[in-house]
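Structure at a glance
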Amino acid sequence: MSMEISSRAEIDEDTDTDKGSMWVLDQKLDQPMDEEAGRLRNMYREKKFSSLLLLRLAFQSLGVVYGDLGTSPLYVFYNTFPHGIKHTEDVIGALSLIIYSLTLIPLLKYVFVVCRANDNGQGGTFALYSLLCRHAKVNSIPNQHRTDEELTTYSRSTFHERSFAAKTKHWLEKYASRKNALLILVLVGTCMVVGDGILTPAISVLSASGGIKVDHPHMSSDVVIVVAVIILVGLFSVQHYGTDRVGWLFAPIVLLWFLLIGGIGIFNILKYDRSVLKAFSPVYIYWYLRRGGKDGFTSLGGIMLSITGTEALFADLAHFPVSAVQIAFTVVVFPCLLLAYSGQAAYLMQNHDHVSDVFYRSIPDSIYWPVFIVATAAAVVASQASISATFSIIKQALAHGCFPRVKVLHTSKKFLGQIYVPDINWILMILCICVTAGFKNQSQIGNAYGTAVVIVMLVTTLLMVLIMILVWRCHWILVVIFTFLSLVVECTYFSAVLFKVDQGGWVPLVIAGVFLLIMYVWHYGTLKRYEFEMSSKVSMAWIVGLGPSLGLVRVPGIGLVYTELASGVPHIFSHFITNLPAIHSVVVFVCVKYLPVYTVPEDERFLVKRIGPKNFHMFRCVVRYGYKDLHKKDEEFEKKLFDNLFLFVRLESMMEGCSDSDEYSLYGQQTERSREALLNKSNGNITSSVTDLTVSSIDSIVPEKSPLNGNLTILSSGHASSHTEVDEIEFLNSCRDAGVVHIMGNTVIRARRDSRFYKKIAVDYMYAFLRKICRENSVIFHVPHESLLNVGQIFYV
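Residues numbered from 1 in each chain as written. Predicted model: local features only at pLDDT ≥ 70, side-chain atom pairs only at ≥ 80, totals over all residues. Heavy atoms only, no water.

1. With respect to the overall build of the protein chain
Assigned secondary structure in the protein chain consists of 29 helices and 11 strands. Counting across all 797 residues of the protein chain, residues that qualify as buried make up 57%. Intrachain contacts of the protein chain at a sequence separation of at least 6 include 84% that bridge at least 24 residues. Working note: accessible area of the protein chain is about 33,100 Å², and carbon and sulfur atoms make up 60% of it. (Helix = DSSP H or I, 4+ residues; strand = E, 2+ residues; numbered from the N terminus. Buried < 20%, exposed > 50% of the residue type's maximum accessible area, 1.4 Å probe, protein only. Contact = heavy atoms within 4.5 Å. Areas by Shrake-Rupley, 256 points an atom, 1.4 Å probe, with all protein chains shown as cover.)

2. Quick word on the pairing of strand E5 (residues 553-563)
The buried count for E5 comes to 8 of 11 residues, which makes it a mostly enclosed element. With 9 bridges joining them, E5 and strand E6 (residues 582-594) adopt parallel strand pairing. Bridge pairing links Val555 to His584 in E6. The pairing of E5 with strand E10 (residues 740-750) spans 4 bridges and is classified as parallel. Of the residues in E10, the one forming a bridge with Gly559 is Val741. (Pairing = 2+ DSSP bridges.)

3. Considering a nonpolar patch on the surface
A cluster of nonpolar residues, Phe164, Trp476, Ile477, Leu478, Val480, Ile481, Phe484, Leu485 and Val488, forms a patch on the protein surface that exposes about 920 Å² of accessible area. Sorting elements by how many residues they give to the nonpolar patch places helix H21 (residues 476-498) first, with 8 residues. On the secondary structure map, Trp476 appears in helix H21. (Patch = residues over 30% accessible without salt bridge, like charges linked within 9 Å, V, L, I, M, F, W, Y side chains within 5 Å. Salt bridge = Lys/Arg side-chain N within 4 Å of Asp/Glu carboxyl O.)

4. Remarks on H21
Taking 1.5 Å as the rise per residue, H21 with 23 residues should run 33 Å; its terminal C-alpha atoms sit 31 Å apart, in good agreement. Buried within H21 we find Val479, Phe482, Thr483, Ser486, Val489, Glu490, Tyr493, Ala496 and Val497. Elements that come into contact with the buried residues of H21 comprise helix H6 (88-111), helix H13 (283-298), helix H14 (300-303) and helix H20 (442-470). (Expected span 1.5 Å × (residues − 1).)

5. As for the nonpolar core
The biggest cluster of nonpolar side chains holds 164 residues, and the ones touching the most others in it are Tyr66, Phe77, Phe258, Phe359, Tyr360 and Phe403. Apart from residues lying up to four places away in sequence, Phe77 is in contact with Ala94, Ile98, Tyr341, Gln344, Ala345, Leu348, Val355 and Val358. With 31 residues, the next largest nonpolar core counts Val588, Val592, Tyr627 and Val783 among its residues. (Core = buried A, V, L, I, M, F, W, Y, C linked by side-chain atoms within 4.5 Å.)

6. Thoughts on the pairing of E6
Across the 13 residues that make up E6, a large majority, 12, are buried. Direction of pairing for E6 relative to strand E8 (residues 618-625): parallel, over a ladder of 8 bridges. Pairing of Val588 across the sheet is with Phe619, part of E8.

7. Focus on the packing of helix H11 (residues 221-237) against helix H18 (residues 368-399)
Between two packed helices, what matters for the description is the angle formed by their axes and the separation of those axes. Taken N-terminus to C-terminus, the directions of H11 and H18 make an angle of 45 degrees; their axes are 11 Å apart at the nearest point. Considering the angle they form, H11 stands oblique to H18. Pair H11 / H18 crosses with right-handed handedness. For the pair H11 and H18, contact is made by Ile231, Leu235 and Phe236 and by Thr376, Val380, Ser383, Gln384 and Ile387, respectively. In terms of residue class, the contact of H11 with H18 is built from 5 nonpolar, 3 polar and no charged. (Axes fitted to C-alpha atoms, helices over the stretch in contact; angles between N-to-C directions. Parallel < 35°, antiparallel > 145°, perpendicular 65-115°, else oblique. Left-handed = near helix turned anticlockwise from the far one by under 90°. Nonpolar A, V, L, I, M, F, W, Y, C, P; charged D, E, K, R; others polar.)

8. Remarks on the confidence of the model for the protein chain
Looking at the protein chain, pLDDT values average 78 and 80% of them are 70 or higher. This model gives residues 658-721 a pLDDT under 50, and the stretch forms 113 contacts once residues within four places in sequence are excluded. (pLDDT = per-residue confidence, 0-100.)

9. Structural notes on the packing of helix H8 (residues 164-174) against H20
Axis separation between H8 and H20 bottoms out at 8 Å; the angle between their running directions is 130 degrees. Considered as vectors, H8 and H20 are oriented oblique to each other. Contacts from Phe164, Ala165, Thr168, Lys169 and Leu172 of H8 reach H20 at Leu466, Ile469 and Leu470. Split into classes, the residues belonging to the contact of H8 with H20 amount to 6 nonpolar, 1 polar and 1 charged.

10. Focus: the pattern of salt bridges
Applying the stated rule across the entire model yields 13 salt bridges. Across the salt bridge formed by Glu490 and Lys109, the nearest N and O atoms sit 2.3 Å from each other. Placement of Glu490 in helix H21 and of Lys109 in helix H6 is noted, with a sequence separation of 381 residues between them. Grouping residues by exposure puts Glu490 and Lys109 together as buried. In this structure, Glu173 engages Lys169 in a salt bridge whose closest nitrogen and oxygen atoms are separated by 2.9 Å.

11. A closer look at the state of the cysteines
A complete count under the given rule lists 0 disulfides for this structure. Unpaired in this structure, Cys434 has its nearest cysteine sulfur neighbour in Cys432, at a distance of 9.3 Å. (Disulfide = S-S within 2.5 Å.)

12. Some details on the environment of Ile455
By the secondary structure assignment, Ile455 is in helix H20. Taking the C-alpha atoms as reference points, Ile455 and Cys491, 36 residues apart in sequence, are found 9.3 Å from one another. Not counting the four nearest positions on each side in its chain, Ile455 is found in contact with Val188, Met192, Phe494 and Leu509.

13. A closer look at the packing of aromatic side chains
Tallied over the full model, the rule gives 22 aromatic pairs. Taking 5.7 Å as the distance between ring centres and 80 degrees as the angle between the ring planes, the aromatic pair formed by Phe757 and Tyr758 counts as edge-to-face. Across the pair, exposure class does not vary: Phe757 and Tyr758 are exposed alike. Three or more aromatic residues joined by ring pairs form one cluster here, namely Trp257, Phe359, Tyr360, Tyr368, Trp369 and Phe372. The ring of Trp472 carries the charged tip of Arg116 above its face, separated from the ring centre by 4.8 Å. (Phe/Tyr/Trp six-rings, centres within 6.5 Å; stacked < 30°, edge-to-face > 60°. Lys NZ or Arg CZ within 6 Å of the ring centre and 35° of its normal.)

Below is the structure:
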């Protein structure tokens, strides 16, 4: 829990240089407890897992992380040879491409390199972006405060001025256009992941349902589509229950699936043709591409489907340590996939005509229907993982101000990462059904799927280059090697899928284009609103000049003024008091903001500060969240806000009773008696023991030279300040009992008359429409309707 204390009235916050006028109060434990707190804060990074626990986590990761990648054998060979197999050797060449694709991309690049670039266990495009925002000033909404870097979850390192990392950082920060280009790159990757959330259920469920027609060849294809649509509707309809309630089934299903496809692969290799093992020689790739010409090159779009789900592997990393994910892939997933594809290739060596449904054709008759049931269940699991990843990445985009405010619900009390977004869920369902019923075959859906996946991989590679330079400080030779190997493979696949844009590949491009337009327009409007608040904020000199009554009638009650500013007085406050003749006895400016961290600990979430002299009764409370954190629907937010406010008043009074120096530090070992006295004094509102109080000026965060001797019992030595504290606490309590009013700004953005037509369309129509249909801030903060007061403004951009 961090709090700022102002030693005198703030005169001007416009430039954020009032360092000499503030002290920082940092609540810590005594030295042994401080070491324990530090150990717990870094527990995730330093946690050592026992072998048995690691194996259990690796088993559980199968159901969450590898469902999508594991269902690829259902449709890879069909999409590789949509027009049939012309040469027997082509099967071995295609298998060789699959083997080395699985080795280079999922195994070497993602499992052993990209997964290490997680943000305290969080994966995905925005997790990489958050890492970059902490190591370089590339955040497009500059709402960070200097105290944000003191968070335990905020890790930031310094660069040597002449280092390659420092030069790269300077190059990124120099022009706003480069920051915008980085943001657009991240948004493109995010939109393609949303496309995956639509295409993964479509192709997985449709491929699994196709097994019905294999056993009943005269059945109409429409029946298969109807079955697939029914499964999809059921899948999306149960999303609100969350994966936690049925998650215990996922890992056994996926493990059984991998064992089945691996076992069937061994059976087919032994039964049909062992010569397919020659595919482990990369020379067959050269012969395959040389013999196939343009057709062989474009078939790479089908080969690439063997690595689809790899991007979901990184996005779904949140609940498992990297070592567990690595063990699951190397021990189970990788060998079983190699056996499955080798077995299908062995079957195709003697049955060229069965390429369209090779998976089901290669299953022994005695276990056909059990495998069909497991395949359908595995397809559902793969779809579930993709949908959950979409929810998570939409939540991250929302936290970064890049997506309209939508309803986000927790579905698990144990896992904060498991969420449900109703609006997105139904949009995904409608689009998924349209894709399934519109294309009616796996080939065109596969082309679309491949396009989305390869673009996500390219975006990840480009972001990883910056991560390796700015975060990992890798030598430039290693960066060049990683970039070269990744881009050679991925650009080759990308150029291959471009030939199939007109055969279904346009679908993810259209979907991503629509979502990218929505995200960018919303972010543009959010940024302009923030710039308006920054440029029109009121000077504290004007507030102080009004006097304690602010030139108005101070009525009983507390007014919570919501603002996006972490410093300064918002324009809506001056707009409010110039139009109404009264204001509440206590005014608290509340700033709720998201930081580029995965989470903000509860004891560090609130930042409280006094504005102006004490008799003004004005405060600021900055509430900080990470992109993983979620506003919960309860009354705890307001209660915690007031608890921190009252605690601030008590501690501020204690500091005044200790010394009259502007710059001092207080140290000392506190006895158990004084610790209990402080806890009793705070009426149980302190959730963690406050044992070592350090007060210093912002100019020097390092402790001052001459610490005072003694313990915290001397804090109560100021008799007058104790009376002041009691009086103010009683006053705050009486105002709270009189009523709390939430004052929110309703800023309407309009394009200027001389603006270009596309800007008018984006601002006056698109952004206005998005604001109309998205959730209001009052709903997100769960403000009672009878306590809400909106202040309207118009801003022209």
